[in-house]
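Descriptive structure summary
So the chains spell out like this:
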Amino acid sequence: MKKRTNFYLLILVAFALTLRLWGISTPATFMGDEGMLVPASGNYIKTGHVDPDHFYHPPLKYLLLQSCIRILGSNPYGWRMVSVLLGTMSVFILFLLTREFFDEKVAWLAATLLAVDPTHVMQSRVPAEEVYIVFFFLWGLFMTARYIKGDDRCLVWAGVFLGLTLATKLYFSLASLMLFLTVLFLKHKDKKLDWSSFLDISASLILLPLTIYVLSYYAWFGRGYDIFDFIRFQGDSYRELQTVTIDSYAMGKVADSNPTHWITKPLFYGFKYRTDGAWSEYHVDMTNFPIWILTIPSFLYLVLRIFKRPDRVWGLFAVSFASTYIPMIVIKRPMFIYSSITVLPFILVTVSFFLVSLLNRLACQERYFAFLKGAVVSWCLFLYPLVLGKAVPDVIYTPLLEIGRIYNLH
Amino acid sequence: MNRKTVWPWIAVVCSLLLVCVTFWGVNARSYAPRPVITQTGEPRDTLHAWEESGLRGRILFSFDRHLHAENEGEQPSNDNFISLAVKKNIVRKIFHVIPDESWAEVSATLSKYTLVKRQEGYFRTWLEDGTPLYILKIGDIKPVAEKVLININAGYWDAQQLSAVVRLLENHSLSSDFITISGEMSPNILNAISNYEKAH
């Protein structure tokens, strides 16, 4: 049974890799933020400066990107393979995590949904720090859940992965803090929180991540700075970040920047940039709306289940989801669809749990489950040409794209 | 159950790593082996003088009306040479000292910007790449523990204010290993600064 699971998981991961790797060498020139991130990563290693990028984001992404460029060369593979690999491996870790939190059936559905999700596939084909942090945070969460379930060795690993998350981008900073507090709370509830375990948890989930965060700035320190300069620099970065508005983005006028829309309506926006009248090429940002639209009922169902049958790791999961998504809604900074992949795994797991729970009430549930997975994969493969930017027949795709805002650049 | 305690190891390893990264930063600074005073024709020539001396990771006190930190151009000009010095990692922190007679105007302009913070008589902000920038008058200079680079654009300073700069050096509020002067300076002041160089 275990061998069969491993085999199918390998097939799913290989499928996810294929979707992310297909045609990755084109365009052979910089695409999107690559024109900023690739030179910035080289600059960071050489000088500690991150121009032409902004200084206020943590710098681990430059180290990852530059490591890949050193191995594969400064070409499309070097620029994009970190995202391809971490995006693909996120499918694997989401399976492990969901199996740990829920059960194998939910894990299969959630991992399949992530493998084919158009937003995640699209972001995994460019150097996007959102893809990197999702991978790191899922590992951190998985290790934390293992620790809660009694595997003490996982605590330090949880800290390492949370540190890598923090050093890449700050989306999960509140979620990491909430994880720490939740772990303390659960240990206290189990009457296992003595001074020694309190210090272990604090050192592993606070001190260790912060140290990794500071170390990722090693090239910045190489400009002559010390730890006191670093503390001030962090304050300055935070204040600079507060000035980012919708006008700071080239796509600001076109794109939807409200994160509540991700789960309440279908989102398609972008450009039609080539057409022969019958077939057109698009650059489209989109959500997988048939799935995302189920988020609210699914989350309510999860909360209801937690109240009916309290489960410690479900609590951990719900806290991580809420503390990642709510700040995005509350803060004034615009949030575009690419940021949605930071909450995507939580949404996919919650929706999968909801759907599997519904199917479990039906007769012939296996058949329905297979049908559901087939439908999801087929739908996402239908969207895949839009992810690749390949020409699609207007007669089929136009009705769908007209739901959103597509600007004709042709 | 026997549980291994990990916090002492994490505390020791993390502390060591944080100390190491701070040392790495402090060791990246390089100073002139003995105090140097250089007179340059144009402000932009200052960059060349700093580069030739192999200075790195330094605090700059720029006594000038203008900052010369425009983030444009690869070739040094009077508009961008400080920005280039930051990019080349010669300068890591800037104290821009404004002549007293221009302070009211500068202060009024800076007060309009939300990212410029007023603290104890001086303004604090940062360049486009995050390099800290303090804007202040001579009278608001506080003692600095490490040796700094001093750059004086003499055209903007009268003898009285330049004497105040000399006093800062003499009473060790500021200690410098590299002083650059552009423009004409009165021989008396130049002698006083030279005496500082000889004494150190």
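As a starting point, this report considers the structure included with it. (Residues numbered from 1 in each chain as written. Chains lettered and ligands numbered in written order. Predicted model: local features only at pLDDT ≥ 70, side-chain atom pairs only at ≥ 80, totals over all residues. Heavy atoms only, no water.)

Structural notes on empty space enclosed by the protein
Spelled out, the test is: As defined here, a cavity is a set of points on a 1 Å grid over the protein atoms alone where a 1.4 Å probe fits but cannot get out. A pocket is an open set with protein on both sides within 12 Å along at least five of seven lines, and residues line them when an atom is within 4 Å of a point. Grid points are joined across faces, edges and corners, and a volume is the space filled by probe spheres set on the points. By the convention adopted, Pro, Cys, Tyr, Trp, Phe, Met, Ile, Leu, Val and Ala count as nonpolar, Lys, Arg, Asp and Glu as charged, and the other residues, Gly among them, as polar. The helix count covers DSSP runs of H or I at least four residues long, the strand count covers runs of E at least two residues long, and both are numbered beginning at the N terminus.
For the coordinates displayed, the defined rule picks out two cavities of 30 Å³ or more. Approximately 90 Å³ is the volume attributed to the largest cavity. If you trace the largest cavity, you find it lined by A:Tyr44, A:Gly48, A:His49, A:Val50, A:Phe55, A:His57, A:Pro59, A:Tyr217, A:Trp220, A:Arg223, A:Phe233 and B:Asp129. Looking at the lining of the largest cavity residue by residue, the classes come out as seven nonpolar, three polar and two charged. Computed from the structure, the second largest cavity encloses a volume of approximately 60 Å³. Lining of the second largest cavity is provided by A:Trp220, A:Tyr225, A:Asp229, A:Arg232, A:Phe233, A:Asp236, B:Lys93, B:Arg124, B:Gly130, B:Pro132 and B:Tyr134. When contributions to the lining of the second largest cavity are tallied by element, the ones reaching two or more residues are α12 (227–241) of chain A together with β6 (132–137) of chain B. Per-element accounting of the lining of the second largest cavity gives the leading share, four residues, to α12(A). Taken together, the residues that form the lining of the second largest cavity break down as five nonpolar, one polar and five charged.

So, a negative patch on the surface
All names here are of chain B. Short version of the rule: Residues enter patches when they are more than 30% accessible in relative terms and free of salt bridges; like-charged ones are connected within 9 Å and nonpolar ones (Val, Leu, Ile, Met, Phe, Trp, Tyr) within 5 Å. Using the Shrake-Rupley algorithm and a 1.4 Å probe, accessible areas are obtained, with residue cover drawn only from the displayed protein chains. Any carboxyl oxygen of Asp or Glu that lies within 4 Å of a side-chain nitrogen of Lys or Arg is treated as forming a salt bridge with it. Only four residue types enter the charge count: Lys and Arg as positive, Asp and Glu as negative, with His and the chain ends excluded. In this description, the location of a charge corresponds to atom NZ of lysine, CZ of arginine, CG of aspartate or CD of glutamate. Burial here depends on accessible area, computed with a 1.4 Å probe over protein chains only, as a share of the maximum for the residue type. Under 20% is buried, over 50% is exposed, and the range in between is partly exposed.
Taken together, the side chains of Glu70, Glu72, Asp79 and Glu128 present a region of like negative charge at the surface. With respect to the helices and strands, the residue glutamate 72 is situated in the loop between β2 (58–63) and α3 (81–87). What makes glutamate 72 exposed here is its relative accessible area of 60%.

Section: the sheet that holds strand β4 (residues 405–408) of chain A
Residues and elements named next belong to chain A. How we decide: Following DSSP output, two strands are said to pair if at least two bridges run between them. For this analysis, residues touch if any pair of their heavy atoms sits within 4.5 Å. Comment: axis = line fitted to C-alpha atoms, over the contacting stretch for helices; angle = value between 0 and 180 degrees taken between N-to-C directions.
With respect to topology, four strands assemble into an open sheet ordered β3-β2-β1-β4, the strand pairing being mixed. Across the chains shown, the open sheet's two edge strands, defined by having one partner strand only, are β3 (392–393) and β4. Relative to strand β2 (residues 279–286), strand β1 (residues 268–275) runs antiparallel, the two being bridged by seven bridges. Note on β2: the bridge partner recorded for phenylalanine 268 is methionine 286. Strands β1, β2 and β3 of the sheet are contacted by helix α17 (residues 365–388), whose axis makes an angle of about 95° with β2.

Re helix α10 (residues 195–215) of chain A
The test is simple: Take the number of residues in a helix, subtract one, and multiply by 1.5 Å to get its expected span. The angle between axes fitted to the seven residues ending at a residue and the seven residues starting there is what we call the bend at that residue.
The terminal C-alpha atoms of α10(A) lie 28 Å apart, and with 21 residues this matches the ideal 30 Å at 1.5 Å per residue to within 8%. Where α10(A) bends most, at A:Ala203, the angle is about 35°.

Observations regarding the layout of surface pockets
Residues and elements named next belong to chain A. Within this model, the second largest pocket holds a volume of roughly 870 Å³. Every residue lining the second largest pocket is counted, 31 residues in all, and those nearest its centre are Leu170, Ser173, Tyr238, Leu241 and Ile331. For the lining of the second largest pocket, the secondary-structure elements that each account for two or more residues are α9 (173–189), α10, α12 and α15 (312–330). Considered class by class, the residues forming the lining of the second largest pocket number 19 nonpolar, nine polar and three charged.

Things to note about the packing of helix α1 (residues 2–21) of chain A against helix α5 (residues 104–116) of chain A
Helix packing for two helices is described by the angle between their axes and how far apart those axes are. Residues and elements named next belong to chain A. Our working rule: The cut-offs work like this: below 35 degrees is roughly parallel, past 145 is roughly antiparallel, 65 to 115 is roughly perpendicular, and the gaps in between are oblique. Helix crossings are classified by the rotation of the near helix relative to the far one: an anticlockwise turn of less than a right angle makes the crossing left-handed, while a clockwise turn makes it right-handed.
Packing of α1 against α5 brings their axes to within 9 Å, and their N-to-C directions diverge by 15°. The pairing of α1 with α5 is recorded here as roughly parallel in orientation. Every pair of crossing elements has a handedness; the one defined by α1 and α5 is left-handed. Only Glu104, Trp108, Ala111, Thr112, Leu114, Ala115 and Val116 of α5 make contact with α1, whose side of the interface consists of Thr5, Tyr8, Leu9, Leu12, Phe15, Ala16, Leu19 and Arg20.

Concerning the packing of aromatic side chains
Which entries qualify depends on this criterion: Working definition: a ring pair exists when centres of Phe, Tyr or Trp rings (six-membered ring for Trp) sit within 6.5 Å. Plane angles under 30 degrees give stacked, over 60 give edge-to-face, the rest tilted. Charges are assigned to positions over rings by a cutoff of 6 Å between ring centre and Lys NZ or Arg CZ, combined with an angular limit of 35 degrees from the ring normal.
Tallying each qualifying case throughout the model produces 52 aromatic pairs over all chains. Plain terms: the ring middles of A:Phe102 and A:Trp314 are 5.3 Å apart, the flat faces sit at 25° to each other, and that makes the pair stacked. Within this pair, whereas A:Phe102 is found in the loop between α4 (76–101) and α5, its partner A:Trp314 is found in helix α15, the two being separated by 212 residues in sequence. Residue classification places A:Phe102 among the buried residues on the basis of a relative accessible area of 13%. An angle of 40° between the planes, with centres 6.3 Å apart, marks the rings of B:Trp50 and B:Phe81 as tilted. Here B:Trp50, found in helix α2 (residues 45–52), pairs with B:Phe81, found in helix α3; they are 31 residues apart in sequence, far enough to count as distant. Taking the relative accessible area as the measure of exposure, B:Trp50 reaches 0% and is therefore buried. A residue is classified by how much of its surface remains accessible, and B:Phe81, at 0% relative accessible area, is buried. Lying over the aromatic face of A:Phe369, A:Lys105 brings its terminal NZ or CZ to 5.5 Å of the ring centre. If you follow A:Lys187 out to its NZ or CZ, it ends over the ring of A:Tyr147, 4.5 Å from the centre.

A word on the pattern of salt bridges
Following the criterion strictly, the structure yields 24 salt bridges over all chains and no others. For A:Glu281, the salt bridge goes to A:Arg274, with nearest N and O atoms at 3.3 Å. With its nearest N and O atoms 2.8 Å apart, the salt bridge here joins B:Arg92 to B:Glu146. On the criterion of sequence distance, the pair formed by B:Arg92 in strand β3 (residues 91–98) and B:Glu146 in the loop between β6 and β7 (148–153) is long-range, its members being 54 residues apart. For the pair B:Arg92 and B:Glu146, one class covers both residues: buried. Taken together, the shared-partner salt bridges in this structure form one network comprising A:Asp226, A:Asp229, B:Arg29, B:Arg92, B:Lys93 and B:Glu146.

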